[in-house]
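Summary of structural features
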Amino acid sequence: MDEERRNWAGNHTYGAARLHRPATVGEVQALVAGSARARALGARHSFSAVADTTGDLIALDRLDRVVALDQERRTVTIEGGVRYAALCPALHGAGFALPNLASLPHVSVAGACATATHGSGDRNRNLATAVAALDLVVADGTTVTLSRERDGDTFRGAVVGLGGLGVVVRLTLDLVPAFAVRQTVYEGLSLEELAAHFDAIMASGYSVSLFTDWRDERFQVWVKRRDGDADAGATPERFGATPAVRERHPIDGIAADGCTAQLGLPGPWHERLPHFRPDSLPSSGVELQSEYFVPRQDAGAALRAVARLRARIAPLLQAAEIRTVAADTLWLSPCYERDSVAFHFTWTADWPAVRGLLPRIEDALAPFAARPHWGKLFTTPPARLAALYPRLPDFRALLRTYDPAGKFRNAFLDTCIFGGE
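Residues numbered from 1 in each chain as written. Predicted model: local features only at pLDDT ≥ 70, side-chain atom pairs only at ≥ 80, totals over all residues. Heavy atoms only, no water.

This part covers helix α2 (residues 84-93). Among all positions of α2, only Y84, L87, C88 and L91 are buried. The buried residues of α2 occupy one face: seen down the axis, they fall within an arc of 95°. Facing away from the buried side of α2 by more than 90 degrees, the exposed set consists of A86 and G93. Against β4 (66-70), β5 (75-79), β6 (96-97), α3 (109-114) and β9 (167-174) lie the buried residues of α2. With its phi angle positive at about 90°, G95 sits one or two positions after the end of α2. (Buried < 20%, exposed > 50% of the residue type's maximum accessible area, 1.4 Å probe, protein only. Helix = DSSP H or I, 4+ residues; strand = E, 2+ residues; numbered from the N terminus. Arc of directions from axis to C-beta. Contact = heavy atoms within 4.5 Å.)

Laid out in structure tokens, this is it:
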């Protein structure tokens, strides 16, 4: 039970009075209807308290079926507890794919979408943009269906819902034809070359990630190209980086056994787009994470702003990752209406020290209107969050419409969403 009451990294213990594991939508409905306070719990991969409650925590891991695959419409409908690790091989076997994946296939689809979790790529949007429809168990225990086609702006407000509108028990996702990917890691890219040629480097593959420990100003470049696509011509080698001769882990000193295959070996999309394999511990496991999104045009200036703090960052850091994500129209997405660059930090598990450092990073990125990832750790004050998200007032109104008594409210929403009123 103790294990079930902690998130995967162990930095947060859920304060719920009760933990439930329903096996049917009907059981979810009964739990919600009979509860004064309730929240859904996915794969426990959020570092923040976004999923917590003082009442009933409803774990969805037993709602893990693929409900329907519509080959004509290129959609799949799944239950709310399905993880990418289980879904992706089934889709690939049927000849389909999702256009984008996060670094970890271990996460649940509903949880990743609710927090605007993302992958990487100049033309790839965050994972929630694949959602075409969702079924919510709302405060009175009934089920409401919202779709992109029918519900327009309301739907765009609900997809990245932070669990505040209800329990997502079903999702329909858009699909693309299956494809293969080759992954190559380059080493030794300098900050000077990266800042000068950022656009060309990030365009060198379908999905590109940069890793550094900020102990120096050198980067690994993880380039994931669709198999059969011609090299973009601006490979990192043009800018002084060299292809790795062995497989690498993003964190120096950790063996690459748990990482997806590299060295240019082609493989299915779901075995290359994530950095980590589903049968292995992702990242280091004992860690904290933060992430901030800035406008794409500010990439170079933001890079230099972070670099100026590297003497403070490096002692607490395991690895930092920099990615690009395309703009979307989802109200609470950090990429709302702007192409973005994501600055991700995997920290040592020293929360007092990290908490003391985050305001300095947030201040350094403040000139670029940096939006934090909802599922990770940040100290951005509520008034600042309200200024960063232009649709936040509309989202508050949406929460009050679907949850007028605040059944799905928690301390995280009270602070981050309603605290800036």
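What follows covers helix α4 (residues 148-158). Listed as buried for α4 are G152, F155, G157 and A158. Next to the buried residues of α4 lie β7 (131-137), β8 (143-147) and α11 (392-402).

Within the fold, D56 resides in strand β3 (residues 56-59). Of the polar contacts made by the side chain of D56, one reaches the side chain of S35; its length is 2.7 Å. If near-sequence neighbours (up to four positions away) are discounted, D56 is found in contact with R18, H20, S35, R37, A38 and R39. (Polar contact = N/O pair within 3.5 Å; in protein donor to acceptor, adjacent residues only side chain to side chain.)

Among the nine residues in strand β13 (residues 218-226), seven count as buried, and that is most of the element. Where strand β12 (residues 207-212) and β13 come together, five bridges link them in antiparallel fashion. Across the sheet, the residue bridging to L210 is V221, located in β13. (Pairing = 2+ DSSP bridges.)

This next bit is on the nonpolar core. Formed by 112 residues in total, the largest nonpolar core has its most connected members in F345 and W347. The biggest single contributor to this core is helix α7 (residues 299-307), with six residues. Leaving out residues up to four positions away in the same chain, F345 has contacts with W214, L288, Q289, S290, Y292, V306, I313, L317, A319, A320 and I361. Membership of the second largest hydrophobic core comes to eleven residues, among which are A38, V137, V167 and F408. (Core = buried A, V, L, I, M, F, W, Y, C linked by side-chain atoms within 4.5 Å.)

Let us now look at the packing of α4 against α11. It is the contact of α4 with α11, at a shortest axis distance of 10 Å, that shows an interaxial angle of 95°. Overall, the two elements α4 and α11 adopt an arrangement that is roughly perpendicular. Contacts between α4 and α11 involve T154, G157 and A158 from the former and F395, L398 and Y402 from the latter. (Axes fitted to C-alpha atoms, helices over the stretch in contact; angles between N-to-C directions. Parallel < 35°, antiparallel > 145°, perpendicular 65-115°, else oblique.)

One open sheet accounts for three strands, arranged β1-β3-β2; its pairing is parallel. In this open sheet, the two strands that pair with only one neighbour each are β1 (18-20) and β2 (38-41). For this sheet the average axis-to-axis angle between neighbouring strands, irrespective of direction, equals 25°. Two elements, β1 and β3, share three bridges in a ladder whose sense is parallel. Within β3, the position partnered with R18 by the bridge is D56.

A few words on the pairing of β12. Of all the six residues making up β12, six are buried; the element is thus mostly covered by neighbouring parts of the structure. The two faces of β12 match: S207, S209 and F211 on one face and V208, L210 and T212 on the other face are all buried. In this structure, the hairpin formed by β12 and β13 is closed by a connection of five residues, where W214 is found at a positive phi of approximately 60°. Examined bridge by bridge, β12 and strand β17 (residues 317-325) share four bridges and lie antiparallel to one another. Its bridge partner lying in β17, F211 is registered against E321.

Let's shift gears to the sheet that holds β7. Taken in spatial order, the five strands make up an open sheet running β4-β5-β9-β7-β8, and their pairing is antiparallel. Whereas interior strands pair on both sides, the edge strands pair on one side only; in this sheet they are β4 and β8. Strand-to-strand twist of the sheet, defined as the mean angle between neighbouring strand axes without regard to direction, takes the value 15°. Packing against the sheet, α2 makes contact with β4, β5 and β9, and its axis sits at approximately 150° to β5.

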